[in-house]
Amino acid sequence: MSIIRADKLTRRFGDVVAVRELDLEIASGGVVGLVGPNGSGKSTLIRLLLGLIRPTSGSARVFDSAISDPRKYAPRIGALIENPAFIPSLSARTNLRSLARLRGISNARVDEVLDIVGLLNRSDEPAKDFSLGMKQRLGIAAALLPDPELLILDEPTNGLDPAGIVEIRGLLRGLGDEGRTVVVSSHLLSEIEAACDTLAMICYGELLYSGPLSDLIARAGECIETVPEHPHDVGRLAELYTARGWQSTADDDHVRVSAPDSASADVNRAAAEAGITLSALRPHSISLEDIFLHMTGEESGDSGRPTVYTEVQS
Amino acid sequence: MIRAIRCELARLKNPYFILGGMGLMAAFSLMATAIVFLTVESGSAGGPPATEGITLQTLQASDGMFAGVQGFVAMLGIITLAMWAMAVTSDYSSGLIRLLVQAQPNRLLLLGGKVVALTVFTCLATLVTTVAVTVVSPGIANLAGVSTDAWNSGLLGTALAAYVQLTLCVLLWGVVGLLVGMLTRSAGLSIGIGIGYLMIFEGLAGMLFDSAQKWLPGSAFSAIASGGSADMTFGTAVLVAAAYAVGALVLAAVTFRRRDITA
């Protein structure tokens, strides 16, 4: 069952198209990563889904209700958008209580969420005295207040120390495993890779990929990095592999062969038969970061037009 | 609506807001009272009094203790305008508006809660101001040599009437602050516009058009604080001010309802 469905969703700000005819479907349950370079339209998409801004054209539904009337689904959503926002002079508890009152939530729930994010012992301190990481935790606590079925978090680990990142990742995974849907927008691709089941990648407001993270990585494939003993053999080695039907890329001192780990022996044997001795042969898994940089055209920092995977999953 | 009011009231417990709003209003009222009482003699002796139209007889009348506040009520209005404008603009500058609108997508309820909470806060601020002036002004009058014999007759009723008039007047300025804050989303700009309007525009309009004092909002608000003026009866002032207030509230509501939350 889809919890979010966008159909040709478009939002313009003057001449800038922040979200362009976006078709997106996010299934219920699990942790979903929303990734894209700066200015790709992630925050605009989140604001559209929360009813903070209106689409220029197209439509979207959350919990099967149109985003034109967010009152129908707002009580089922918790969100942290961009930086956590609080009244600095009020304590963490008072800040959350004021939000709890607005949602008709009990004060007991306030203490519960403070405990979940590890701020219960500091809850009477003014928010202005909090570190960036603590403010982030407070923001997550505010998002958790309504015990949401859908949690949307924009850069939730921003400012957290490594232990905090692991803790929040565990929290998000736990929420996802409970059957809730957690949408996480983050620049930390390693975090997305570690925490998410599915992924939506957008760039220039367009959807590049949507579907299981494992499928994307599998589709991008694995490769084997081979290093000839003599660097002048790099070109010959690459030609050799290409002739054998493998896609290969020559670099300064090594050749990358698009082949699974299981083909390592064949790759080594082919080099040996051609009289080339390999000084190293290592399987190389393609990371989400590699895929992201390739797909968004930022591989060489050129920010060119993105690569759209032909089989965008829904 | 009750939830929105409770949320706003909790947020107004901010000590900076309480001290900056209630404290400033009370302190300014006492200062205005002292200035008017201490300069009234120079006015009658030929020098310029602090506030035009306030004479020794005015101060010695049964409601004389509030003459200072009524003479400088426009400045109290500006303080209230600033408070209301800041209550709106700080939501945008801090990004809180994202949380609030997400938690309560019915923006009219949110705005209504804010208006009610600010009204309660303003009523408390003017109560503190009225009590402070009532308590302190006899001492100031004594210091200035102004007779207070007439003040004791019907003191409670006089104080109550002054409180209601002052509260109505500053609430109207507050509504203007709400609108300007909503339109500009900048506290500084809102206060600048408020002061600029009061000090420059309304003064110029009054000089250029004789009838301007009968329909401009600042004049109407001040006439309410004084229980009526030479240009406007209290009833007329209330009607004119109510029209401005309703217009401002409708415009603020339409703006808030339609605006994108990009903060």
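Here, the structure is the one placed above.
Residue indices begin from 1 for each chain and proceed along its sequence in written order. Note on labels: chains are lettered from A, ligands numbered from 1, in written order. In keeping with the predicted nature of the model, local features appear solely for residues at pLDDT of at least 70, side-chain atom pairs appear and are counted solely at 80 or more, and the whole-chain, interface and lining totals rest on all residues.

1. Notes on the sheet that holds strand 6 (residues 77–80) of chain A
Residue and element names in this part refer to chain A. Test applied: A pair of strands counts as paired when DSSP detects no fewer than two bridges linking them. We count a stretch as a helix when DSSP gives it H or I for four or more residues in a row; a strand needs E for two or more, and each element gets its number in order from the N terminus. A fitted line through C-alpha atoms serves as each axis, taken over the contacting stretch for helices, and the angle formed by two N-to-C directions is quoted from 0 to 180°.
Spatially, six strands are ordered 6-7-8-3-9-10 in an open sheet, and the strand pairing comes out mixed. Strands at the two margins of the open sheet, each flanked by one partner only, are strand 6 and strand 10 (206–212). Going across the sheet, the axis of each strand differs from the next one's by a mean of 15 degrees, ignoring polarity. Note: strand 6 against strand 7 (residues 150–154), four bridges, orientation parallel. Residue pairing across strands places A79 opposite I152, the latter belonging to strand 7.

2. Some remarks on the nonpolar core
Across soluble globular proteins, nonpolar side chains have a tendency to be buried as a group. Under the convention used in this document: As used here, a nonpolar core is made of buried Ala, Val, Leu, Ile, Met, Phe, Trp, Tyr and Cys residues. They are joined through C-beta atoms within 7 Å. To sort residues by burial, count the other C-beta atoms lying within 10 Å of each one's C-beta; a count of 20 or more means buried, 12 or fewer means exposed, and anything in between means partly exposed. C-beta atoms are built from the backbone. By the convention adopted here, residues make contact when the C-beta atoms placed from their backbones lie within 7 Å.
Of all hydrophobic cores here, the largest spans 165 residues; its most connected members are A141(A), V184(A) and M201(A). Considering every element that reaches this core, the biggest residue donor is helix 5 (residues 73–94) of chain B, with 14 residues. Discounting residues that sit within four places of it in the chain, V184(A) has contacts with V31(A), V32(A), G33(A), L34(A), L153(A), P156(A), L172(A), I192(A), A195(A) and C196(A). In terms of nonpolar packing, the next biggest core, distinct from the first, is built from twelve residues, C223(A), W246(A), V255(A) and V267(A) among them.

3. Quick word on helix 2 (residues 92–103) of chain A
Heads up, the rule is: Take the residue count of a helix, subtract one, and multiply by 1.5 Å to get its expected span.
Counted at 1.5 Å a residue, the expected span for helix 2 of chain A with its twelve residues is 16 Å, and the 17 Å between its end C-alpha atoms agrees. Buried residues dominate helix 2 of chain A, accounting for eleven of its twelve residues. For helix 2 of chain A, every residue scored as buried is listed here: A92(A), R93(A), T94(A), N95(A), L96(A), R97(A), S98(A), L99(A), A100(A), R101(A) and L102(A). Next to the buried residues of helix 2 of chain A lie helix 3 (107–116) and helix 4 (132–144) of chain A together with helix 1 (2–12) and helix 6 (96–103) of chain B. Directly beyond the C-terminal end of helix 2 of chain A, a positive phi value near 70 degrees is found at G104(A).

4. What to know about unusual backbone geometry
With a phi close to 50 degrees, E155(A) is a non-glycine residue in the positive phi region. You will see that R185(B), though not glycine, has its phi angle at about 55 degrees, which is positive. Looking at the secondary structure, you find R185(B) in the loop between helix 8 (155–184) and helix 9 (187–208). Using a count of 19 C-beta atoms within 10 Å as the deciding quantity, one classes R185(B) as partly exposed.

5. Quick word on the interface of chain B and chain A
Threshold: Each residue gets one of three labels, nonpolar for Ala, Val, Leu, Ile, Met, Phe, Trp, Tyr, Cys and Pro, charged for Asp, Glu, Lys and Arg, and polar for the others, Gly among them.
Every contact between the two is made by 24 residues of chain B and, on the other side, 26 residues of chain A. Those elements that place two or more of their residues in the side of chain B that touches chain A are helix 1, helix 2 (15–44) and helix 6 of chain B. The element best represented in the side of chain B that touches chain A is helix 6 of chain B, accounting for seven residues. Partitioned by chemical class, the residues of the side of chain B that touches chain A number twelve nonpolar, seven polar and five charged.

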